[in-house]
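Chain and residue survey
What follows is each chain in one-letter form.
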Amino acid sequence: MTQQAPDPQAIHPEMQLLMSARKPAPAGQTLEQARAAWAAYSAALSQPHPANMQVHDRTIASGDIDVPVRIYRPEGPDGLRPCIIYMHGGGFMKGDLDSSDTNAWGYAQETGACVVSVDYRLAPEHPHPAALDDCFGVLCWLAAEGGAMGIDTARIAVAGDSAGGSLAAALSLAARDRKGPSIVAQLLIFPCTGTDLRSPSYVEHANAPGLTTSGMEQYYKDYLAGCEDMDDPYARPDRATDFSNLPPAFVHPAEFDPLRDDGRVYASKIALAGGDVGFREAKGMIHGFIRARLAGPAAAAEFQAGCDFLRRYLFA
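Structure report, in brief. This is a predicted model, so every value here is computed, not measured.

What counts, and where the lines are drawn
Residues numbered from 1 in each chain as written. Predicted model: local features only at pLDDT ≥ 70, side-chain atom pairs only at ≥ 80, totals over all residues. Heavy atoms only, no water. Helix = DSSP H or I, 4+ residues; strand = E, 2+ residues; numbered from the N terminus. Rg over C-alpha atoms; globule rule 2.2 N^0.38 Å. Buried < 20%, exposed > 50% of the residue type's maximum accessible area, 1.4 Å probe, protein only. Contact = heavy atoms within 4.5 Å. Lys, Arg positive; Asp, Glu negative; His and termini not counted. Charge placed at Lys NZ, Arg CZ, Asp CG, Glu CD. Salt bridge = Lys/Arg side-chain N within 4 Å of Asp/Glu carboxyl O. Core = buried A, V, L, I, M, F, W, Y, C linked by side-chain atoms within 4.5 Å. 1 Å grid on protein atoms, 1.4 Å probe; cavity = no way out; pocket = protein on both sides within 12 Å on 5 of 7 lines; lining within 4 Å. Points joined across faces, edges and corners; volume = space filled by probe spheres on them. Nonpolar A, V, L, I, M, F, W, Y, C, P; charged D, E, K, R; others polar. Axes fitted to C-alpha atoms, helices over the stretch in contact; angles between N-to-C directions. Parallel < 35°, antiparallel > 145°, perpendicular 65-115°, else oblique. Left-handed = near helix turned anticlockwise from the far one by under 90°.

1. Some thoughts on the overall build of the chain
When helices and strands are counted, the chain shows 9 helices and 10 strands. On C-alpha atoms alone, the chain measures out to a radius of gyration of 18 Å, which is about the 20 Å that the 2.2 N^0.38 rule sets for 316 residues. Dimensions of the chain, computed from C-alpha atoms along their principal axes, come out at roughly 55 × 45 × 40 Å. The burial tally for the chain puts 56% of its 316 residues in the buried class. Summarising the internal contacts of the chain: among those between residues at least 6 apart in sequence, 77% fall at separations of at least 24. Of note, the chain has its 26 positive side-chain charges centred 2 Å away from the centre of its 38 negative side-chain charges.

2. What about the pattern of salt bridges?
Evaluated as defined, the whole model comprises 17 salt bridges. Across the salt bridge formed by Arg70 and Asp57, the nearest N and O atoms sit 2.7 Å from each other. Of this pair, Arg70 sits in strand β2 (residues 65–73) while Asp57 sits in strand β1 (residues 54–62), placing them 13 residues apart in sequence. Overall, Arg70 belongs to the buried group, its relative accessible area being 11%. Linked through salt bridges whose partners overlap, the residues forming this network are Asp57, Arg70, Asp98 and Asp101.

3. Notes on the nonpolar core
Ranked by size, the top nonpolar core spans 56 residues in total, and within it Ile85, Met87, Tyr120, Leu142 and Leu167 carry the most contacts. Tallying contributions element by element places helix α5 (residues 163–177) first for this core, with 9 residues. Excluding its chain neighbours within four sequence positions, the residues that come into contact with Ile85 are Val116, Val118, Leu139, Leu142, Ile156, Ala157, Val158 and Ala159. Tyr72, Ile84, Ala282 and Ala305 belong to the second largest nonpolar core, which has 40 residues in total.

4. What to know about the layout of surface pockets
The calculated volume of the largest pocket comes to roughly 640 Å³. Forming the boundary of the largest pocket are 29 residues, of which Arg22, Lys23, Ala25, Lys94 and Tyr219 lie nearest the centre. For the lining of the largest pocket, the class distribution of residues is 19 nonpolar, 6 polar and 4 charged.

5. Side note on the packing of helix α3 (residues 101–111) against helix α9 (residues 297–314)
The packing of two helices is summarised by the inter-axis angle and the distance between the axes. One way to put it is that α3 packs onto α9 with a least axis distance of 9 Å and a crossing angle of 55°. As summarised for this structure, α3 and α9 are arranged oblique, according to the angle between their axes. The two elements α3 and α9 cross, and the hand of that crossing is right-handed. Contacts between α3 and α9 involve Asn103, Gly106, Tyr107, Glu110 and Thr111 from the first element and Phe303, Gln304, Cys307, Leu310 and Arg311 from the second. When its residues are assigned to classes, the contact of α3 with α9 shows 4 nonpolar, 4 polar and 2 charged.

6. Structural notes on α3
Here α3 lies mainly inside the structure; 9 of its 11 residues are buried. Residues of α3 that are buried include every one of Asp101, Thr102, Asn103, Ala104, Trp105, Gly106, Tyr107, Ala108 and Thr111, and no others. Against the buried residues of α3 lie β2, β3 (81–87), β4 (114–118), β5 (151–161), β6 (186–189) and α9. With its phi angle positive at about 85°, Gly112 sits one or two positions after the end of α3.

Next up, the structure:
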């Protein structure tokens, strides 16, 4: 197979918004420059949350770490609401509470659930398992203390895109292996689950807009720095040896994305283990497609598919 970018005519026109907002990385880009570029890209695609939505920032204790989170509560009746723990993308080394704010409030608006967005620690300063530890600590705290902030602790789902999708899958594995807390559903949007970087999609879409194979290789290098077990399923969920007894999953990759096969393979492994899994491939779309949800009906429908899945299990 040869490395090539997708035919521009095949890419859905609503993806032009993403491609226009993202500027080419200069040669020798520093970490600080990469993070600043990601913040600018995210800001160009952001929209403010609805005025009637309650949004506030706080920290949640996780061991010796206070993890920053942003909590979204949509308009509606008082009382306990189910909760979605949301983990942003950014290759494990970029992103914060602002970079995926529009995604996070969108899940709250479209599902009616509270959303807790996690500002987990980033690589390379904090390689695996720091990010997972932060997210698992938030899950444990919400399961134990969430009732005081209006969360139904028996109805907690996890969701994430790209690196956040990897963390959502790892959280589901860890919660099963550690006998809790209970997770009712997992939404994995164009997740990087650890599939071999020589798999077909990494070759076919090596230079795709939105994410490249070389970029993903560098993200893993930074995220897994010092990792003694390269088959650790909490670092690369695809490497798990047991995919049974996991929360119902919805796996949602993009067609023109090096990570396409990560989604295909991961969903297949859950299905082969007898699990409850839904799968949808965003046709004509690129990595990051949910960021275009306010740009047109096709991207909105893709975003809504994930929301419908979450609502089905959170309000069952």
